[in-house]
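Below, each chain spelled out in residue letters.
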2 protein chains.
Amino acid sequence: MPNLSRERVLRAAIALADREGIESVTMRRLAEKLGAGAMSLYYHVPNKDALLDGMVDIVFSEIELPPANEEWKSALRRRAVSTRQALTRHPWAVGLMEATKAPGPADLRLHDAVLGCLRRAGFSVAMAVQAYSVQDAYIYGFALQEKALPLGGREGFAKAARKRVREVETRLQDVARLYPNLAEVVGGYIAEHGYSAAEAFEVGLDVILDGLERLRRE
Amino acid sequence: MPNLSRERVLRAAIALADREGIESVTMRRLAEKLGAGAMSLYYHVPNKDALLDGMVDIVFSEIELPPANEEWKSALRRRAVSTRQALTRHPWAVGLMEATKAPGPADLRLHDAVLGCLRRAGFSVAMAVQAYSVQDAYIYGFALQEKALPLGGREGFAKAARKRVREVETRLQDVARLYPNLAEVVGGYIAEHGYSAAEAFEVGLDVILDGLERLRRE
DNA sequence: ATCCGCGTTCGTACGTTGTACGAGAACGAT
DNA sequence: ATCGTTCTCGTACAACGTACGAACGCGGAT
């Protein structure tokens, strides 16, 4: 039995990206983690771009499909939450999806299931495309923003906000004059109450799903 | 007067990225375009990451602020459309924003103006943050998706869809069995009617803004 | 004229990356 | 034992970001 395989290579690459960031996924470092020579990887993967595409498709495969027997709104809600979770587990994936040339099978399967859910719910083809686009834009955009934010739940945000305030302390009145609303939000509200990305995501998601329902009823 | 300057370097980098893609923005190629040696750039920019940050902030500066004297919804609508336009002019910018460590002044100004607009419209701080997050997630996520799509307006999409169908022609019944809804949408609807990203964006945007209005009235 | 100092430019060189190429190891079938 | 297939890897090269320090041009002081 061979030591390496496409599967093993991709899994190791994902583990490495999760632990040390996507920028430390180099062919040499990855091979080292697998106890192999760098060039051995090329037997299992045509090149680095294909490696990244493969990683992304595994992330897609971790996303829960909208349950076919459930009411459309809660079905899509579940897959949206599941998508965000997958993208939080693998933050590097958001940035890679934009570079993907050809969508992998897991990606296609998911797209198909979502469209099917919308069609079954009575959306016309045109509206299904529209509804699909809104949801996905929101989900990926949210994940994109989340990546740039300090980690660690509600209290983590509060800590980071207070730290930020301390950083600009000496020129605080300048900052407050230039960006009064930002100061109010970061220095006031978030420093005190924190911010939960998971909750914010779901609130926004419901705004969108309710909006889509209204679109459908017209 | 010196030949180079931070301004000239950043402008040239943006022009290069627009014309030949972000991956061809290397220090050497950029310097060549400016008729300079590679190392000359480092007098005006501390390193490549700072160069990219500077490019992103110029893109932000091209975005129209929400007019302060206008009703909140149409004001935010204008800035959203303006943001998408900027990101379509400079598609590489979406992927760079996620990597930005410190937001530049244009970014801060825009964030501040949007929050101010929401606060003036009567949103509480918490709701303003929420409303802000939904909008921006949608806008950036949409731009992200758009980057991966074939270019060229409604008819361009139709062409691309038909081409896609031709590509998988030989295994068409397999594809249609595996992904029936995708086949219906791409092979049927889009191949015939095309798809306009600009229109889809505005429809989705209105869904979101109307949803936010309802959120505010509670 | 000479010199200095400063703002600006750049040649060379190093370490790191993706990967082309071709040599070899491992092993079941004959 | 020999062969063909499957798998592994050492070497080498081009392209990248950039550290280092030398050199340029030029206005003002001597």
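Presented here is an overview of the structure given in this document. Here the structure is a predicted model, which means the values were calculated and not measured.

1. So, the relation of the copies chain A and chain B
Item 1. Superposition record for chain A on chain B: RMSD 0.1 Å, screw rotation 180 degrees, translation along axis 0.0 Å. Taken together, the rotation and translation relating the two chain copies correspond to the operation of a two-fold axis.

2. Side note on the protein's contact with DNA strand D
Item 1. As a structural note, the neighbourhood of DNA strand D is formed by 17 residues, with Ala36(A), Gly37(A), Met39(A), Tyr43(A) and Lys48(B) the closest of them.
Item 2. Considering each element in turn, the surface near DNA strand D owes the most residues, 3 residues, to helix 2 (residues 27-33) of chain B.
Item 3. For the surface near DNA strand D, the residue count by class is 9 nonpolar, 5 polar and 3 charged.

3. Focus: the protein's contact with DNA strand C
Item 1. Around DNA strand C, a shell composed of 16 residues is seen, among which Lys48(A), Ala36(B), Gly37(B), Met39(B) and Tyr43(B) lie nearest.
Item 2. Across the surface near DNA strand C, the residue classes break down as 9 nonpolar, 5 polar and 2 charged.

4. Here we look at the interface of chain A and chain B
Item 1. In this complex, chain A contributes 42 residues to the contact, which on the side of chain B involves 42 residues.
Item 2. Taken together, the elements giving at least two residues each to the side of chain A that touches chain B come down to helix 5 (92-97), helix 6 (105-120), helix 7 (125-148), helix 10 (180-193) and helix 11 (197-217) of chain A.
Item 3. Here the side of chain A that touches chain B is built from residues that sort into 24 nonpolar, 11 polar and 7 charged.

5. Focus on helix 4 (residues 72-89) of chain A
All names here are of chain A.
Item 1. Along its 18 residues, helix 4 runs 26 Å from first to last C-alpha, staying within 8% of the 26 Å computed at 1.5 Å per residue.
Item 2. Taken as a whole, helix 4 has its buried residues at Trp72, Ala75, Leu76, Arg79, Ala80, Thr83, Arg84 and Leu87.
Item 3. In this fold, the buried residues of helix 4 make contact with helix 5, helix 6, helix 7 and helix 11.

6. Brief notes about the nonpolar core
Item 1. Counting 123 residues, the largest nonpolar core has Ala13(A) and Ala13(B) as the members making the most contacts within it.
Item 2. If sequence neighbours within four positions are ignored, Ala13(A) has contacts with Val25(A), Leu30(A), Leu51(A) and Met55(A).

7. Concerning the environment of Pro150(A)
Residues and elements named next belong to chain A.
Item 1. Looking at where Pro150 falls in the secondary structure, it is placed in the loop between helix 7 and helix 8 (153-167).
Item 2. For Pro150, a count of 13 C-beta atoms within 10 Å translates into the label partly exposed.
Item 3. Note: C-alpha distance between Pro150 and His111 (39 residues apart in sequence) is 30 Å.
Item 4. Discounting chain neighbours no more than four positions away, the residues touching Pro150 are Gly156, Phe157 and Ala160.

8. A closer look at the packing of helix 7 of chain A against helix 10 (residues 180-193) of chain B
Item 1. Axis separation between helix 7 of chain A and helix 10 of chain B bottoms out at 11 Å; the angle between their running directions is 120 degrees. Relative to helix 10 of chain B, helix 7 of chain A is oriented oblique. Every pair of crossing elements has a handedness; the one defined by helix 7 of chain A and helix 10 of chain B is left-handed. Across the interface between the two elements, Val125(A), Ala126(A) and Val129(A) of helix 7 of chain A pack against Glu184(B), Val185(B) and Tyr189(B) of helix 10 of chain B.

Parameters at a glance
- Residues numbered from 1 in each chain as written.
- Chains lettered and ligands numbered in written order.
- Predicted model: local features only at pLDDT ≥ 70, side-chain atom pairs only at ≥ 80, totals over all residues.
- Least-squares fit on C-alpha atoms with pLDDT ≥ 70 in both.
- Near = placed C-beta within 6 Å.
- Helix = DSSP H or I, 4+ residues; strand = E, 2+ residues; numbered from the N terminus.
- Nonpolar A, V, L, I, M, F, W, Y, C, P; charged D, E, K, R; others polar.
- Contact = placed C-beta atoms within 7 Å.
- Expected span 1.5 Å × (residues − 1).
- Buried ≥ 20, exposed ≤ 12 C-beta atoms within 10 Å, placed from the backbone.
- Core = buried A, V, L, I, M, F, W, Y, C linked by C-beta atoms within 7 Å.
- Axes fitted to C-alpha atoms, helices over the stretch in contact; angles between N-to-C directions.
- Parallel < 35°, antiparallel > 145°, perpendicular 65-115°, else oblique.
- Left-handed = near helix turned anticlockwise from the far one by under 90°.

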